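Chain residues, written in single-letter form:
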Amino acid sequence: MAENENKLIYTFGALAELGQEITNRKSFQEMIRTSLHLLLGSLAIMRGGVARYSRFRHELNFIAVKGLGEDFPPSFSLSQQDEHRFLSAGLAAADVSQASGDPVVSEFVAAGRNKPLEMFVPLVIQDELVGLITLGEKANGEPYSSYDREVICAMARHIGVGIAQRNMMVEIERRATENRRLYDDLRFTYTNTVKAFAAAIDYKDKYTEGHSVRVGKYTEIIAKQLGWGNEEIEGAAVAGYLHDIGKLTVERNIINSPMRINAKESVHLNKHPVVGYEILLPIHHPYADVPLAAKYHHERLDGRGYPDGLADREIPYIAKIVNLADSVDAMTTDRPYKRRRPAHEMIEDLQRNSGNQFAPELVTSFCGALLSELTGKKKRLGFTRMLGKEYLLKQDLIPQLQNVLNGLNGTSSMTLVSLD
Ligand SMILES: [Fe+2]
């Protein structure tokens, strides 16, 4: 009785240890190897192995073996019938001798050669075959008792659950990777479509070629400078790319007029924000404010903009950013009736209109970003590429920008001479 009690205590100890092993975050292989050693050790079994079943390859792959000899094959193929047979047997400790007619079991026996195998346990967890354990004889040469079989089954269930958990994790990771890939593909397609639209808008206007793309870029730079997250920055760029999409419906001769357009043409042109909003609204954008940016990118803080004459807080924030980006590009590119203005004048204009047209913190953000590129603090924001090195070097913009950032009047401390 005392011997049985000791055995029981020992077995419970081994089971507890096995449970700990299974829940441990160690490497899977190591966990299975330790579990096999615990199983063999607790019943003094000479040899054995644990295989994991791959449903995709119909293969039993041995991931931990002990005492089976070096030439024991690492994997065994299973047919559909073999899988069904193991499944219907369920998780039970079966004698090799009683299953000698079984082709897979016969294969094990043959593979074991002079390292005889006596028992096998199909690891069936929730009606699924996840693996198999095979065991050799006991060290004392005695046959397996019913108590031994119960212990083997309890430990096998633990190991089987460990394998099933691992399979689930692998499947979750696989699906997550697949979803991430699909999401990246979708995002890539979306961004490319947006860029194609921007190119289509710009194509219509031969005098402002690349305008939408540059506005997208400036909007992105400001969003970055404001410390927005990656998704928000991407959304801001999209809003910039598409802000003038309503111009697709404006007649080409109005857009391309070499002189200032008349009042009637102006009314037609000024409808483009609302038209743009209507085009963008039914599209499901990953970023909510894209249609609003199109609708309100000509509004001003002082309420003198269009289409609705909104003031300050009524204007969506993204529209304020696009408005500033749009104005910067209008000032720094040649138009048919107007040469582009020198960079220092553009900055003066931003400063002068800060609080009237532009949100002051956005003027600061824009100037801060430009300053970081000019001083080499941030090298590739894109200003030099879009505006040209020569253009930015014509004036010493650095002190002017520093004054803007310090809240000083940028023009008071220096004499500005236009070299244009
Ligand atoms: Fe516009």
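The structure displayed is predicted, hence computed values, not measured ones. (Residues numbered from 1 in each chain as written. Predicted model: local features only at pLDDT ≥ 70, side-chain atom pairs only at ≥ 80, totals over all residues. Heavy atoms only, no water.)

**Examining the overall build of the protein**
Looking only at helices and strands, the protein has 17 helices and 6 strands in total. The C-alpha atoms of the protein give a radius of gyration of 37 Å, which is well past the 22 Å a tight globule of 420 residues would have. Counting only C-alpha atoms and orienting by the principal axes, one finds that the protein spans roughly 105 × 45 × 40 Å. Counting every position in the protein, which comprises 420 residues, the buried fraction comes to 46%. At a minimum sequence separation of 6, the contacts of the protein that also span at least 24 residues come to 63%. (Helix = DSSP H or I, 4+ residues; strand = E, 2+ residues; numbered from the N terminus. Rg over C-alpha atoms; globule rule 2.2 N^0.38 Å. Buried < 20%, exposed > 50% of the residue type's maximum accessible area, 1.4 Å probe, protein only. Contact = heavy atoms within 4.5 Å.)

**Here we look at the domain arrangement of the protein**
Note on interface size: it is often stated as the accessible area lost on association of the parts. Segmenting the protein into domains produces domain 1 (2-170) and domain 2 (187-405). Computed from C-alpha atoms alone, the centre-to-centre distance between domain 1 and domain 2 is 68 Å. (Domains from an automatic or database assignment.)

**A look at the sheet that holds strand β5 (residues 117-125)**
With respect to topology, 6 strands assemble into an open sheet ordered β3-β2-β1-β6-β5-β4, the strand pairing being antiparallel. At either end of the open sheet lies a strand with only one pairing partner, and these are β3 (75-77) and β4 (94-95). As paired elements, strand β2 (residues 59-66) and β3 share 3 bridges and run antiparallel to each other. What sits directly across from L60, in β3, is F76. Packed onto the sheet, helix α3 (residues 80-89) meets β1 (48-54), β3, β5 and β6 (128-136) and runs at close to 80 degrees relative to β6. (Pairing = 2+ DSSP bridges. Axes fitted to C-alpha atoms, helices over the stretch in contact; angles between N-to-C directions.)

**Considerations on the coordination of the iron ion**
A four-donor tetrahedral metal ideally has 109.5 degree angles, and a six-donor octahedral metal ideally has angles of 90 or 180 degrees. Donor atoms from the polypeptide that coordinate the iron ion comprise D244 (OD), H272 (NE2), H297 (NE2) and H298 (NE2), at 2.2 to 2.3 Å from the metal. One way to put it: the 4 donor atoms around the iron ion meet at angles of 80 to 167 degrees, and that makes the site irregular. Along the chain, the residues donating to the iron ion are arranged with the sequence spacing D-x27-H-x24-H-H. (Donors = N, O, S within 2.8 Å, 3.2 Å for Na, K, Ca; no water. Tetrahedral: all angles 85-135°; square planar, octahedral: opposite > 155°, others 65-115°.)

**Regarding the packing of aromatic side chains**
Going through the model one piece at a time under the given rule, you end up with 8 aromatic pairs. Between the aromatic rings of Y218 and F366, the centroid separation amounts to 6.1 Å while the plane-to-plane angle is 70 degrees, which identifies the pairing as edge-to-face. Residue Y218 is found in helix α6 (residues 211-225), and its partner F366 is found in helix α14 (residues 360-374); the two are separated by 148 residues along the sequence. Between F366 and F383, the ring centres sit 5.4 Å apart and the planes meet at 85 degrees, which makes this aromatic pair edge-to-face. Within this pair, whereas F366 is found in helix α14, its partner F383 is found in helix α15 (residues 383-387), the two being separated by 17 residues in sequence. Judged by relative accessible area, which is 1%, F383 ranks as buried. Among the aromatic residues, those joined into a ring-pair cluster are F62, F72 and F76. (Phe/Tyr/Trp six-rings, centres within 6.5 Å; stacked < 30°, edge-to-face > 60°.)

**Describing helix α7 (residues 230-242)**
Between its first and last C-alpha, α7 extends 19 Å over 13 residues, near the 18 Å set by a 1.5 Å rise per residue. Listed in full, the buried residues belonging to α7 are I233, G235, A236, A237, V238, A239, G240, Y241 and L242. Here the buried face of α7 lies against α5 (146-204), α6, α10 (272-280), α11 (290-296) and α12 (317-332). (Expected span 1.5 Å × (residues − 1).)

**Considering the nonpolar core**
Judged by nonpolar contacts, the single largest core of 43 residues is most densely connected at Y218, L324, I347, L350, F366 and F383. Of all hydrophobic cores here, the second largest spans 29 residues; its members include F28, I32, A64 and C153. (Core = buried A, V, L, I, M, F, W, Y, C linked by side-chain atoms within 4.5 Å.)

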